[in-house]
Amino acid sequence: MGQDKENPDDSSFQERLKQAQAKAKGRSFEEAEERAVSPMGIAFKMGIELVVGSGVGAFIGFWFDRWFGTAPLFLVVLLILGFASGIRNVVREATRMQEAEENASEADKD
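On a predicted model such as this, the values are computed, not experimentally measured, just so you know.

Before going further, it helps to examine the packing of aromatic side chains. Here the structure, examined in full by the defined rule, presents six aromatic pairs. Arranged with centres 5.6 Å apart and planes meeting at 80°, the rings of Phe62 and Trp63 form a pair that is edge-to-face. Assessed through its relative accessible area of 40%, Phe62 is described here as partly exposed. Ring centres of Phe64 and Phe74 lie 5.6 Å apart, and the angle between their planes is 75°; this geometry places the pair in the edge-to-face category. Of this pair, Phe64 sits in helix α3 (residues 39-68) while Phe74 sits in helix α4 (residues 73-109), and the two are ten residues apart along the sequence. Phe64 gets classed as partly exposed once you look at its relative accessible area, which sits at 32%. Since its relative accessible area comes to 26%, Phe74 is described here as partly exposed.

Have a look at this one:
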């Protein structure tokens, strides 16, 4: 596998890459990034944020309970705070997505 020989598919790839880069120059980085994310990926991200927020709260609460000797007090309080934090992140992401959709539909009308 010498690197001296050029792959015949390489030239067509380079051409397609240049076309894609030229097409993407008109978009901002955020627009290009939003188009690259699938709805399923966003749903998984929201679910993971809920689980991680609750898990981190429970983990920290468990260790505070062991350290201070308070049975389930910190576990329950921090679990609820972690869950609330996860819900807040999901609502924030959903609001951002809705605003982006509205902006895109307004731009299409113009």
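After presenting the structure, the write-up continues.
Where charged atoms of side chains with opposite charge meet at close range, the side chains can pair. Applying the stated criterion across every chain yields a total of two salt bridges. One salt bridge in this structure joins Glu93 and Lys45, with 3.5 Å as the shortest N-O distance. Of this pair, Glu93 sits in helix α4 while Lys45 sits in helix α3; the two residues are 48 residues apart in sequence, bridging distant segments of the chain. Overall, the relative accessible area of 39% leaves Lys45 in the partly exposed class. Arg96 is the salt-bridge partner of Glu93, the closest N and O atoms lying 2.7 Å from each other. Of this pair, Glu93 and Arg96 both sit in helix α4, three residues apart, which is roughly one turn of that helix. By relative accessible area, which is 37% here, Arg96 ends up partly exposed. Shared partners join several salt bridges into a network, and the residues in it are Lys45, Glu93 and Arg96.

Attention now moves to the side chain of Ser54. Within the fold, Ser54 resides in helix α3. A residue is classified by how much of its surface remains accessible, and Ser54, at 15% relative accessible area, is buried. Looking at Ser54, its side chain comes within polar contact range of the main-chain oxygen of Leu50, at 3.1 Å. Those residues in contact with Ser54, other than ones at most four positions away along the chain, are Leu79, Gly82 and Phe83.

Here is what the cut-offs are and how they apply
Within every chain, residues take consecutive numbers counted from 1 along the sequence as written. In keeping with the model being predicted, local features are shown solely for residues with a pLDDT of at least 70 and side-chain atom pairs are shown and tallied solely at 80 or more, while totals for entire chains, interfaces and linings include all residues. Each side-chain value is derived from all of the structure's non-hydrogen atoms; neither hydrogens nor water enter the calculation. Whether two aromatic rings pair depends on their centres lying within 6.5 Å, for rings of Phe, Tyr and Trp, where Trp uses its six-membered ring; planes under 30 degrees apart make the pair stacked, over 60 edge-to-face, and the rest tilted. Accessibility here uses a 1.4 Å probe with only protein chains present; expressed as a share of the type maximum, an area under 20% marks a residue as buried, one over 50% as exposed, and anything in between as partly exposed. Where helices and strands are cited, they refer to DSSP runs of H or I of at least four residues and of E of at least two residues respectively, numbered from the N terminus. Salt bridges are identified by distance alone: a Lys or Arg side-chain nitrogen within 4 Å of an Asp or Glu carboxyl oxygen. In protein, a polar contact means a hydrogen-donor-capable atom and an acceptor-capable atom, both N or O and within 3.5 Å, with residues adjacent in sequence counting only if both atoms are side-chain atoms; elsewhere, any N or O pair within 3.5 Å suffices. In this analysis, two residues are considered to be in contact whenever any of their non-hydrogen atoms come within 4.5 Å of each other.

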